[in-house]
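What the coordinates show
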Amino acid sequence: MCIQQLLATGSWPNRLVRCLGAALAGLIFSQGALAVGPALEHYNHTVWTAKEGVPGPIEVMAQTPDGWLWIGTPNGLYRFDGVRFHPLATTNGERLLSNRLDLLTAEPNGDLYIGYEDHGLSVLHADGRLEHLAPATRNSPVAGSNALVRDIDGALWVGTVRGLMRLEQGRWSRIGAAHGYPDEFTPLVTLDGNGRLWAATLTRLFRYDREARRFVPVDLPPPNPGEPTERFLALAMSPDGRLWSAEDGRFIPVPAAPPANGRPADANSRDASYYGLFDRDGHLWSLRCPVGVCLAAGAGAGRAERIDVAAVTTSRLDQPWQLNSVAPNLILEDREGNIWISSANGLERFRKNALTPVALPPTNGNYHLAPDTDGSVWVVAPRNKRGWHYDPASRRLTELPGNYRGAARSADGSVVLLKEDGIRRRRAGVEDQIALPTLPPGAWLRTDGDRLWLGGRNTPVRIWDGHNWDTLEYPKPDEFTFSAAGAHGQMWRGLVDGRLLLYERGRRTREFDQAALGGIGQATCLAALPAMVVCGEAGVSAWDGRRFRRLQASRPEVLRNVTGVMATADGTRWLNGSVGLLRVAPADWRRSVESGALLRFTLLDALDGYPGSAAHQPSMTMVGKHLWVAASGGIVEIDPSTRDRNLIAPHVALLGLRGDGAAYPLLAPRIRPGTTRLRFDFTAPVLRKPERVVFSYRLDGVDDAWQTGPERSATYTGLPPGAYVFRVRAMNEDGVWSQGERTLAFEVAPTLVQTIYFKLTCGLAALLLLWLGHRLRLRYLTRSLNRHYQVQLEERARIARELHDSLLQSFQSAVLFMNAALRGLGPESPLHERLKRGVREADAAIVEGRGKVAALRAVGAGQPSLPDYLREVGEREAAPEQHFALQVKGLACPLQPVVEQELSAIGREALRNAFRHAGASRHEVLIEYGARSLVLSVRDNGRGIDAGARDKPDHWGLCGIEERARMIHAEASLHTAPGSGTLWRIEIKAGLAYAEGGRRRRRRWWLMPF
């Protein structure tokens, strides 16, 4: 039936182990005993075909120390990391001499030797360089490579179709009669654990004598009667280091003392075998026996006689539905203990599961397990109404007569077996029979050590107190979902509303609701020793001494629907839940219960041989030294005292760097300008459980912390130009991190606009624009001043014309009239002298007016400079008791006329106000000709200016100063306070203040103060 289902659904690769286990179990139980030692159903079987990327028929295999599994096909050489197949890519650009490979051999230093069917030999070094040691020509020293080994002195021995060849210090030599070795076809050459060199032709085996530098023939024991003469095709090494001559159907020991240190660690991974191998546990794997794969458990453990594979085989896979190909061609054991088998159809891996199936007779329901105090276990299949007694010492299962419906155990070791015609109770090896009142439908039975609890579907619970059966009225049958024995005399019952009730000596004593239990939902299992743990549909809660604390995990689903919980002797907690079996170390359990921290755990799931999800009934028990775990797909077992951890640190490899789809070399790459997206591809060749490899990576300068996850690539976008270092590391399924980090230093080149030269150019351009803007503004302001000055000139000319044409003419007419009147008066007339004086004054006024008119028409001509003008005003206006001083700083330069005019007016107004109103004894004027600005300061030490002086009616002095300053775009600031004097400071930019000649002189900035 199982096989038919597999063929019908097409899902046989995933169900192979389960189906095979059931088939073998039927065979085993027909003999009345369980199989001893591992069988092939104890291994996780995975298949890769062309659908999964296998690049072609696999003809050679080897594993290098960095973990890569190398395979040779007619399509070339590939390496496998457990997930993907990657074609060969060399760092020096060299290519294989041919794709027709006949040999792959890995050496401890990381070199991979590559032999060809015809001629030539190459080596792929650990750094990715491909070197050709022998050419692919007719006169090549290597023709048809069969076997290869590097000797302890560094020499290379190669078995070829033409004989044995040796490469030493770059020179090839043929090994022949002079060395005691025949010039014949050499199919094998190898080193044993003692460093002894072995070689063989098809019919004779030789050992190399290093002192004599000759080969010595070695004779094997004569074959048994009727057996064919041995042919030396391959040598296998058992874990103790002994050599075996391997061929189809038999393994013959080589007479030689085994090495003291056993077999080298890489003996089974350095190249693949055509016939078979002894794995690390001493089990013999054989191919084509006569078809398929055979496993002989323990065949290499201490055995000294020849091995007949057919006679020692304990399990086999030889049907098309069991293997991808029943005609395998190569077998290899990798450094992590996986067995790899290749064929023309693909690649297959056998990995020993942590959980191995218990080969119980098949049933269409769950099993009830009840361990006895003598170490045996009572097994009941309720739906099939069958029962068995299992003795772990002899590993024998004996079927019980009669119809059985259940089995249970109490904390003190009492066992009860429910039969259709009564109850068997066993306590301390003593058994008694208890009659049943009635057998309810869906009957179940529990014991607390003193009492029996019997129930069924929608049936009130009956309790046997040793004398009578009593009916338990509460809870109602439809309210009950769960019951489990606690400490001696205790029974726990779960209700549909999530409450948990404790019965002691048959009476309810305590009750816990969902709030007290942490909201774990309906109870699914319970353990009272060594501390109280309650499991539910939604989680698990543990008693911390004061209350129940709900446990938390990074993956909440691992704590849901836990139906089995147990503490082994070393304090390790085991929980059987919806996603698999959890192993929790004692320290991690205490940490989570006491502090509420996330629970650390190791999950054993389908990758470890866990079949389905936890069974609904109490699903864990100890049988002998093994933990039996009940799951929906059957019962599996594990020895909790041992743990096969993968201690081999993964080796991280960078596969590629791509930027916007373009590939870059991995040697100091320089990313082209404008790249917006960078992708790093990496991997770690972990072949045992590649699905559980975790990577951590970071990009220095971008990532603040390590980014962790199972992804095998990392993408970054929008990286600015600069130098970066990418770092990546890996952790295998057992928490072992890679040794160090794999780093890649690279540089992102800047675009034109990102270069420092472009930025400097932009900076200079910005400065130039600012300077041009400044110059344009100065030009605009200068033109504005000039326009204002021109308006002033035109107004002065108009005033001059008006004065000349009207007032001066009127004065002239008045003078002529007075002169005429004067001539009509005699000298003796009293008016004569007055008119004469009036004529003189009028003439003087006319002269003065003409001078004013001339001054209006020629403004600035002959006028004193700003310092001279203000000095003249100060000296003229100052009273005798008022001290006046004027100081000039810097080189005096000619000013714009309007600027000089307005500054002169401003300084005059400020001085006159100070002389007349400040009551000051000291007045100072400072004119600073600076490179950036011209500053006029007028200071006194008088009484200061009142705050409201600016607002007094008919007082325009202060406002006039500010208006004149604004007119020439100068900044006017007044600093004053009552009793602290007054300071006027007028500042105007040099470009506005100085005339052209002065501006050119100002360019000699080093001569000017700032």
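1. As for the UniProt feature "transmembrane region" (unreviewed entry) in the protein
- Cross-referencing UniProt, the feature "transmembrane region" (unreviewed entry) maps to residues 756-773 in the present numbering.
- In the segment residues 756-773, helix accounts for 100% and strand for 0%; the C-alpha atoms at its two ends are 25 Å apart.

2. Some points on the nonpolar core
- With 35 residues, the main nonpolar core has Leu-903, Val-925 and Leu-934 as its most contacted residues.
- Examining the composition of this core, we find that 7 residues originate from one element, helix α9 (residues 897-918), more than from any other.

3. Thoughts on the environment of Gly-722
- Residue placement: Gly-722 occurs in strand β64 (residues 722-731).
- Measuring from C-alpha to C-alpha, the distance between Gly-722 and Phe-746 comes to 8.6 Å, with 24 residues separating the pair along the chain.
- In contact with Gly-722, other than residues within four places in its own chain, are Phe-746, Glu-747 and Val-748.

4. Structural notes on the pairing of strand β16 (residues 205-209)
- Note that strand β15 (residues 197-200) and β16 share 3 bridges and pair antiparallel. Across the sheet, the residue bridging to Ala-200 is Leu-205, located in β16.
- For β16 and strand β17 (residues 214-218), the ladder comprises 5 bridges, and the chain directions are antiparallel. Bridge assignment links Leu-205 to a residue of β17, and that residue is Val-218.
- Taken together, β16 and the strand that follows it, β17, pair antiparallel across an intervening segment of 4 residues, in which Arg-213 is found at a positive phi of about 55 degrees.

5. Some details on the state of the cysteines
- Scanning the model with the defined rule gives 1 disulfide in all.
- Note on cysteine connectivity: Cys-289 is disulfide-linked to Cys-294, with sulfurs 1.9 Å apart. Disulfide Cys-289 to Cys-294: torsion about the S-S bond roughly 100 degrees, handedness right-handed. Like Cys-289, the residue Cys-294 is buried in the burial classification.

6. As for a positive patch on the surface
- Taken together, the side chains of Arg-775, Arg-779, Arg-783 and Arg-787 present a region of like positive charge at the surface.
- Within the secondary structure layout, Arg-779 lies in helix α6 (residues 756-824).
- Owing to a relative accessible area of 48%, Arg-779 belongs among the partly exposed residues under this scheme.

7. Some words on the pattern of salt bridges
- In this structure the tally under the stated criterion is 47 salt bridges.
- A salt bridge links Arg-100 to Glu-117; the nearest nitrogen and oxygen atoms lie 2.9 Å apart. Of this pair, Arg-100 sits in the loop between β5 (85-87) and β6 (101-106) while Glu-117 sits in the loop between β7 (112-116) and β8 (121-124), and the two are 17 residues apart along the sequence.
- Here Arg-100 falls in the partly exposed class, since its relative accessible area comes to 45%.
- Residue Asp-127 pairs with Arg-129 through a salt bridge whose shortest N-O separation is 2.8 Å.
- Among the residues examined, Asp-127 registers a relative accessible area of 44% and is labelled partly exposed.
- By relative accessible area, Arg-129 is classed as partly exposed at 37%.

Reading guide: rules and limits
- Residue numbers restart at each chain and count upward from 1, following the sequence in its written direction.
- Where totals are concerned, whole chains, interfaces and linings use all residues; where local detail is concerned, this predicted model gives features only for residues with pLDDT of at least 70, and gives and counts side-chain atom pairs only at 80 or more.
- Just so you know, side-chain values use all the structure's heavy atoms and leave hydrogens and water out.
- UniProt positions are given in the numbering used here, feature names are shortened, and annotations may be inferred rather than shown by experiment.
- Helix and strand assignments follow DSSP, with helices taken as H or I runs no shorter than four residues and strands as E runs no shorter than two, numbered in order from the N terminus.
- Grouping buried Ala, Val, Leu, Ile, Met, Phe, Trp, Tyr and Cys residues that are joined through side-chain atoms within 4.5 Å yields what is termed a nonpolar core.
- Buried, partly exposed and exposed residues are distinguished by accessible area as a fraction of the type maximum, computed with a 1.4 Å probe on protein chains only: under 20%, between the cut-offs, and over 50%, respectively.
- Throughout, a contact is declared for two residues whenever any of their heavy atoms are within 4.5 Å.
- Any two strands between which DSSP finds at least two bridges are classified as paired.
- Note on disulfides: each one is a pair of cysteine sulfur atoms within 2.5 Å.
- Only residues above 30% relative accessible area that lack a salt bridge enter a patch, with like-charged residues linked at up to 9 Å and the nonpolar side chains Val, Leu, Ile, Met, Phe, Trp and Tyr linked at up to 5 Å.
- Here the Shrake-Rupley method, with its probe set to 1.4 Å, supplies the accessible areas, and only the displayed protein chains count as covering residues.
- For this analysis, a salt bridge means a side-chain nitrogen from Lys or Arg found within 4 Å of a carboxyl oxygen belonging to Asp or Glu.
- Counted charges follow a simple rule, with Lys and Arg positive, Asp and Glu negative, and His plus the chain ends left uncounted.
- Here the site of a charge means atom NZ of a Lys, CZ of an Arg, CG of an Asp or CD of a Glu.

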